[in-house]
Amino acid sequence: MHTVVERELELNLVLSPERSIPVPARLTYRTDDPYAVHIVFHIGSDTPVHWTFARELLVEGVFRPCGHGDVRIWPTKVDRRSVLCFALSSPDGDALLEVASEAVYAWVERTLRIVPPGTEAERLGLDDGLAELLTPTPADDLWLRDPWPSDESVDGEA
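The rules behind these values
- Residues numbered from 1 in each chain as written.
- Predicted model: local features only at pLDDT ≥ 70, side-chain atom pairs only at ≥ 80, totals over all residues.
- Heavy atoms only, no water.
- Helix = DSSP H or I, 4+ residues; strand = E, 2+ residues; numbered from the N terminus.
- Contact = heavy atoms within 4.5 Å.
- Areas by Shrake-Rupley, 256 points an atom, 1.4 Å probe, with all protein chains shown as cover.
- Pairing = 2+ DSSP bridges.
- Core = buried A, V, L, I, M, F, W, Y, C linked by side-chain atoms within 4.5 Å.
- Buried < 20%, exposed > 50% of the residue type's maximum accessible area, 1.4 Å probe, protein only.
- Axes fitted to C-alpha atoms, helices over the stretch in contact; angles between N-to-C directions.

A. Looking closely at the overall build of the chain. Each helix and strand counted, the chain has 5 helices and 7 strands in total. Going from the N terminus to the C terminus, the chain shows its helices and strands as β-β-β-β-α-β-β-β-α-α-α-α. Pairs at least 24 residues apart make up 34% of the contacts formed inside the chain by residues separated by at least 6 positions. Summed over its atoms, the accessible surface of the chain is roughly 11,200 Å², and 54% of this surface lies on carbon and sulfur atoms.

In structure tokens form, the structure reads like this:
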């Protein structure tokens, strides 16, 4: 059985130092995809915007600046309140988003209680799946036999 941890959030899309607009979003963590976090932004269009990145990046980002390339995360203070900043970059453009830190901290903590760091691989069942794939079956015996008898005959055979 797989567990899903979700959290509805309202992030602020930073347009300038003086102006931002609210963007509703949903953070999702699934134990059947234990290395990833998913965030869906509902931006008022027919199609929401989906981002997926490493849970480890978010875990580290709540404490210190981290990330390179498409996703960068860092904690900071804005007007004396703690916020978490997300800088997202794609071929379609760049976005800077802010969200209250407490909401993300609590959500990350829930994911860490369900799947502690370092135990993600156990959730994937790779060892069990590999063992199942490599276990011989009766049909394998057919493949191991020589389907074409040789021209060499044993004494007494025609």
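B. A look at the pairing of strand β6 (residues 81-90). Inspection of the sheet shows strand β5 (residues 71-78) paired to β6 by 8 bridges, in the antiparallel sense. The residue bridging Pro75 from the neighbouring strand is Leu84, located in β6. Counting the residues that bridge the hairpin from β5 to β6 gives 2 residues, and of these Asp79 lies at a positive phi of roughly 50°. As paired elements, β6 and strand β7 (residues 93-100) share 8 bridges and run antiparallel to each other. The residue bridging Ser90 from the neighbouring strand is Gly93, located in β7. Here β6 folds back onto β7 in antiparallel fashion, the turn holding 2 residues.

C. Quick look at the environment of Val59. Structurally, Val59 can be placed in helix α1 (residues 55-61). As for Val59 and Thr111, which are separated by 52 residues in sequence, their C-alpha atoms are 9.7 Å apart. The contacts of Val59, once residues within four sequence positions are left out, are Val108 and Leu112.

D. Quick look at the nonpolar core. Core analysis: the largest hydrophobic core is formed by 29 residues, its most contacted members being Phe41, Phe53, Leu58 and Phe86. If we ignore the near neighbours within four places in the chain, the residues touching Leu58 are Val37, Phe53, Ile73, Leu84, Phe86, Val104, Trp107 and Val108.

E. The arrangement of the sheet that holds β6 in detail. Strand order in the open sheet formed by 7 strands is β4-β3-β2-β1-β7-β6-β5, and the pairing between neighbours is antiparallel. Edge positions in the sheet fall to β4 (49-54) and β5, since each of these pairs with one other strand and no more. On average, each strand axis in the sheet is tilted by 30° relative to the strand beside it, whichever way the strands run. Bridge count for strand β1 (residues 4-16) against β7 is 2 bridges, and the pairing is antiparallel. Its bridge partner lying in β7, Asn12 is registered against Glu98. Across the sheet, helix α2 (residues 101-114) lies against β1, β2 (19-30), β3 (36-41), β6 and β7, angled at about 150° from β1, the strand it touches most.

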